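Descriptive structure summary
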Amino acid sequence: MWIIYILNGLYFAALLFFISLGLNIILGVMGILNLAHGSLYAFGAFIAAWIIIALGTHVPPFFLYISLLSGLVGVGIVGFLMEKSLIRFMYKRTLEYQLLLTFGALMLLEDVIKMIWGGQAYYASAPFVLLGKVNIGGNVYPAYFLFVMFIAFIAGLLIWLFMSKTKLGIMLRAISLDREMATALGLNITGLSTLAFVLGAGLAGLAGALVVPTTPALLGFGHEPLILAFIVVVVGGLGSLKGALVGSLLVGFTRSIGIAVFPEIELPLLFLIAGIILVAKPEGLFGR
Amino acid sequence: MSKEITRRKLLKYMGATALSAGALGISTKSFSQSKKAIPTTPIKVAAVSFLTGAAAAPFGIPGDNTFKMCADKINADGGILGRKIELHSKDEAGGVDAQVKLARKLLLEDKMDVILGYISSADCLAVLPLADELGGLIIAYDCGTHELMEGAKSPYDVPKFKLGFRSKAHLGIDNVALALYIKKYYPNIKKIAGINQDYAWGRDSWLIFETAMKKLMPQIEVVKTLWPPLGNTDFTAHISALMGSEPDIVHSSLWGGDAVTFSKQALGMGFFKKIRMAYSRGEPYPQELGKDYPEGQIVCCAGTHYFLFTPKDKASADLQKWFVAEYHKRYGKYPTYPCYHAFQAIYAYKHAVEKAAKAVGGWPTPDEISKALSGLTFPTPSGLLTIREDHNGYEDCLVGITKMTAKYPFPILDKMEIFPAAQVNPPVGTKTVDWINSWK
């Protein structure tokens, strides 16, 4: 049974890693605390659910898994529009303005979702069901959860390679380290900021798309993950890939074991951990 | 002197005039009350359900669909005393404050004749007191909390609200019926657990179930109680925790997306091979999930609200036949329990108005309709329904076990057991928990 608890922790950590990764990139590179991140995640879930339902059984199953990328692309586009129309005016403003604006964007996006998809639930479980189950040490476990963990691993690896090995990634890191110096060195801040926001938003959308085969897409879908992603960012440290990974694992395992052992205080415990880290190490475990 | 007399006379005349005017006023009023003409304008009925949000798909939209279907039927049959129903569907989303504002607007500005509504218990608790405050009739149609009509301690005075009603029984019946069913069919189980959402609905449902189980089967041990948040999207940790504690039966009042998500993820983790679920409001989900819904699960119908149930009395049985066929024709699905609840609310109003009109000889006031509603019994698709003097519905409760058949593309209920109203509802004036604790 313990192997399943560990897998549950890993699966939840994989999801959180996805969501907090985007949040972290946007925060690290652009210094924007994006409260609308949860809504971008929900947007990804709705886009993917809608496409999966539309494809139905008309296509080979392989395409259903490819269609999950629609969350990445669709929400990337939404992120692009959002950055160009709203976020870019906030770079020089103080945090309060950013919070107000991104909170407004959160409500706006919820309403857009309501306008496009209405109030009903979208069930798109075909990718979850089709992968079936695997037997792990006498316990049954859905293969789809392993698939999500695998994708999270690949995505983490790619983002790490991108950030540390490519010129573009190094430029993004330069902006996150010292925006003024980066400007002085002649980096195209406007373009790079847009890129970072699109990437962060797209990752949130992909996370939503990956979740939707396991749970129906509903209004208010992004609220709980947003709160947990904030805990991850607080625990792991702002703008740190390693922090996002360790934070996700810590939250994922605390929740998985907490529910099994002391279910009454599982959620307060998470906040307590975040609180202790904030007091003892305000920059987070791996923050600068 | 003469001046003084004149003044005195004047005062006298004024007094007399005032008195006679008052008397005239009273007599006019009583005259109009006893013989009021029936207006020719339509009846304005507000129907408030969740049209957006998590509760829209499982409850709000089916409920709203049914209000529309029933209003059409009533209008096609000539309306209520010849007056047509003009239905105004409103969204219950936005939280308690928004609903209080909306209810005030509906009664005061829009001059609705009645509000039929509310799925959320929080909304019911906040809105029903407005009925007496604003002098308008409000009939709660789907909310479950047992606290709504109960007083602080037993015995309490009834009714709590003069013009506030609930045309269904509260969540007590679901959980008491589940406990009675488990005692009858699984008398040898030893361990139970619970997974309920972490807010009033989940906590109340578990409270009633646990109290009833401990009374009916004192040997039972509660091995785990889990409280996932509303709208939880990952139940894997809960499913493993339940499997790890090895209960025989797990009680749950999960609803909507949470019920579906839990069931799907649990299926993927082999949960149902080892553990049986007992759902206090599970009736809609076999149809929702189709053949993926596991067999052998205990499901309560929140009353006798089941499309395959045939009521004993002929009038109700005929209604059920029409109701199931018409709903399926219109919306492509079989009606679920919120649909039955919506029927009960709109027809409770219709029957009460007709009964009151007979007594007063014209279109009745909200007070007169309220008097007629209290103690009213009328046929519904789920059988005869009585609105008790505590202004709460009094219903039987149906529990069964899911089983796949060749006839439907989803499991239906087998081993159906109907627990009569007297067995699952507390007596008038007694709190549910006190009543269960008084069981011998």
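Presented here is an overview of the structure given in this document. (Residues numbered from 1 in each chain as written. Chains lettered and ligands numbered in written order. Predicted model: local features only at pLDDT ≥ 70, side-chain atom pairs only at ≥ 80, totals over all residues. Heavy atoms only, no water.)

This brings us to the overall build of chain B. Secondary structure summary: chain B contains 14 helices and 15 strands in total. Projected onto its principal axes, the C-alpha coordinates of chain B cover approximately 105 × 45 × 40 Å. Looking at chain B as a whole, 58% of its 440 residues qualify as buried. Across chain B, the fraction of contacts at a sequence separation of at least 24, relative to all contacts at a separation of at least 6, is 73%. Accessible area for chain B stands at about 17400 Å²; split by element, carbon and sulfur atoms hold 58% of it. Computing the positive centroid from 53 side-chain charges and the negative centroid from 44, chain B places the two 5 Å apart. (Helix = DSSP H or I, 4+ residues; strand = E, 2+ residues; numbered from the N terminus. Buried < 20%, exposed > 50% of the residue type's maximum accessible area, 1.4 Å probe, protein only. Contact = heavy atoms within 4.5 Å. Areas by Shrake-Rupley, 256 points an atom, 1.4 Å probe, with all protein chains shown as cover. Lys, Arg positive; Asp, Glu negative; His and termini not counted. Charge placed at Lys NZ, Arg CZ, Asp CG, Glu CD.)

Residues and elements named next belong to chain B. Here the bond from Ser154 into Pro155 is cis, since omega is -15 degrees, no more than 30 degrees from zero. Relative to the elements of secondary structure, Pro155 occurs in the loop between strand E4 (137-140) and strand E5 (164-166). A positive phi angle is found at Lys111, which is not glycine, with a value near 55 degrees. Among the secondary structure elements, Lys111 is positioned in the loop between helix H3 (95-109) and strand E3 (114-117). Judged by relative accessible area, which is 57%, Lys111 ranks as exposed.

Turning our attention to the sheet that holds strand E9 (residues 276-279) of chain B. All names here are of chain B. Spatially, the seven strands line up as an open sheet ordered E7-E6-E8-E9-E10-E14-E15, and their pairing is mixed. The sheet is open, and its two edges are formed by strand E7 (221-226) and strand E15 (412-419), each paired on a single side. Mean inter-strand twist for the sheet, computed between neighbouring axes without regard to direction, equals 20 degrees. Two strands pair when backbone bridges link them, and strand E6 (residues 191-195) and strand E8 (residues 249-252) are joined in this way by four bridges, in the parallel orientation. Along E8, the bridge assignment pairs Gly194 with His251. Each of E6, E7 and E8 touches helix H6 (residues 200-216); the most contacted strand, E6, lies at about 170 degrees to it. (Pairing = 2+ DSSP bridges. Axes fitted to C-alpha atoms, helices over the stretch in contact; angles between N-to-C directions.)

So, about the interface of chain B and chain A. A common measure of how large an interface is: the accessible area buried when the components associate. Each side of the interface is counted separately: chain B has 34 residues, and chain A has 34 residues. When chain B packs against chain A, close to 2800 Å² is buried across both sides, 58% of that on carbon and sulfur atoms. In this structure, the connection of chain B to chain A is made through two salt bridges. In this structure, Asp234 of chain B and Arg255 of chain A form a salt bridge, with 3.2 Å as the shortest nitrogen-oxygen distance. (Buried area = accessible area lost by both parts, 1.4 Å probe. Salt bridge = Lys/Arg side-chain N within 4 Å of Asp/Glu carboxyl O.)

Take the pairing of strand E11 (residues 377-380) of chain B next. All names here are of chain B. A one-sided burial pattern is seen for E11, the buried positions being Phe378 and Thr380 and the unburied ones Thr377 and Pro379. Summarising the sheet, E11 and strand E12 (residues 383-387) pair through four bridges and their orientation is antiparallel. Pairing of Thr380 across the sheet is with Gly383, part of E12. Following E11, the chain reverses through two residues before pairing antiparallel with E12.

In helix packing, the relevant descriptors are the interaxial angle and the interaxial distance, both defined with respect to the helix axes. Residue and element names in this part refer to chain A. Interhelical geometry of helix H11 (residues 223-236) versus helix H12 (residues 241-261) gives an angle of 120 degrees and a closest axis separation of 8 Å. Between H11 and H12, the crossing angle belongs to the class labelled oblique. Considering only the axes of H11 and H12, their crossing is right-handed. Contacts between H11 and H12 involve Leu228, Ile231, Val232, Val235 and Gly236 from the first element and Gly243, Ala244, Gly247, Ser248, Leu250 and Val251 from the second. (Parallel < 35°, antiparallel > 145°, perpendicular 65-115°, else oblique. Left-handed = near helix turned anticlockwise from the far one by under 90°.)

The next subject is a nonpolar patch on the surface. Residues and elements named next belong to chain A. A grouping of Phe62, Phe63, Ile66, Leu69, Leu72, Val73, Ile77, Phe80 and Leu81 is seen on the molecular surface, where their side chains present a nonpolar patch of about 840 Å² in accessible area. Every element with two or more residues in the nonpolar patch is listed here: helix H3 (61-67) and helix H4 (69-85). Within the element layout of this structure, Leu69 appears in helix H4. (Patch = residues over 30% accessible without salt bridge, like charges linked within 9 Å, V, L, I, M, F, W, Y side chains within 5 Å.)

Attention now goes to the side chain of Glu110 of chain A. Residue and element names in this part refer to chain A. For Glu110, the location among the structural elements is in helix H5 (residues 95-117). Of the buried charged residues, Glu110 lacks a salt bridge, with Lys114 as the closest side chain of opposite charge at 7.6 Å. Sequence-distant contacts of Glu110, that is, excluding residues within four places in its chain, are made with Ser39, Leu219, Gly220 and His223.

Our next topic: the pattern of salt bridges. Residues and elements named next belong to chain B. Scanning all chains against the criterion turns up 22 salt bridges over all chains. The residue Lys431 makes a salt bridge to Glu147 at a minimum N-O spacing of 3.8 Å. Here Lys431, found in the loop between helix H13 (421-424) and helix H14 (432-437), pairs with Glu147, found in the loop between E4 and E5; they are 284 residues apart in sequence, far enough to count as distant. On the basis of relative accessible area, Lys431 is assigned to the buried category, the value being 15%. Residue class for Glu147 comes out partly exposed when judged on its relative accessible area of 33%. Its salt-bridge partner being Lys214, residue Glu210 comes within 3.2 Å of it at the nearest N-O pair. With Glu210 and Lys214 both in helix H6, this residue pair falls four residues apart, about one helical turn. Here the salt bridges share partners, and the residues they tie into one network are Asp72, Glu326, Lys329 and Arg330.

Turning to the packing of aromatic side chains, a few remarks are in order. Going through the model one piece at a time under the given rule, you end up with 33 aromatic pairs over all chains. With a centroid separation of 5.8 Å and an interplanar angle of 75 degrees, the aromatic rings of Phe62 of chain A and Phe63 of chain A are classed as edge-to-face. On the basis of relative accessible area, Phe62 of chain A is assigned to the exposed category, the value being 57%. Where Tyr306 of chain B meets Phe307 of chain B, the ring centres are 5.2 Å apart and the plane angle is 65 degrees; that geometry is what we call edge-to-face. Judged on exposure class, the residue Tyr306 of chain B and its partner Phe307 of chain B are both buried. Three or more aromatic residues joined by ring pairs make a cluster, and in this case those are Tyr11, Tyr65, Phe128, Tyr141, Tyr144, Phe145 and Phe147 of chain A. Geometry around Tyr91 of chain A places Arg179 of chain A over its ring, the cationic atom sitting 4.8 Å from the centre. Sitting over the face of the ring of Trp227 of chain B, Arg203 of chain B holds its NZ or CZ atom 3.8 Å from the ring centroid. (Phe/Tyr/Trp six-rings, centres within 6.5 Å; stacked < 30°, edge-to-face > 60°. Lys NZ or Arg CZ within 6 Å of the ring centre and 35° of its normal.)

Looking at where Ala121 of chain A falls in the secondary structure, it is placed in the loop between H5 and helix H6 (126-131). What makes Ala121 of chain A buried here is its relative accessible area of 13%. As for Ala121 of chain A and Leu146 of chain A, which are separated by 25 residues in sequence, their C-alpha atoms are 25 Å apart. In this view, Ala121 of chain A contacts Pro216, Ala217 and Leu218 of chain A together with Ala57 of chain B; residues no more than four positions away in its chain are not counted.

To continue, consider the environment of Tyr65 of chain A. All names here are of chain A. Secondary-structure assignment places Tyr65 in helix H3. Since its relative accessible area comes to 17%, Tyr65 is described here as buried. As for Tyr65 and Ala209, which are separated by 144 residues in sequence, their C-alpha atoms are 9.9 Å apart. In this view, Tyr65 contacts Pro127, Leu130, Leu131, Tyr144 and Phe147; residues no more than four positions away in its chain are not counted. A polar contact of 2.6 Å, which involves the side chain of Tyr65, links it to the backbone oxygen of Pro127. (Polar contact = N/O pair within 3.5 Å; in protein donor to acceptor, adjacent residues only side chain to side chain.)

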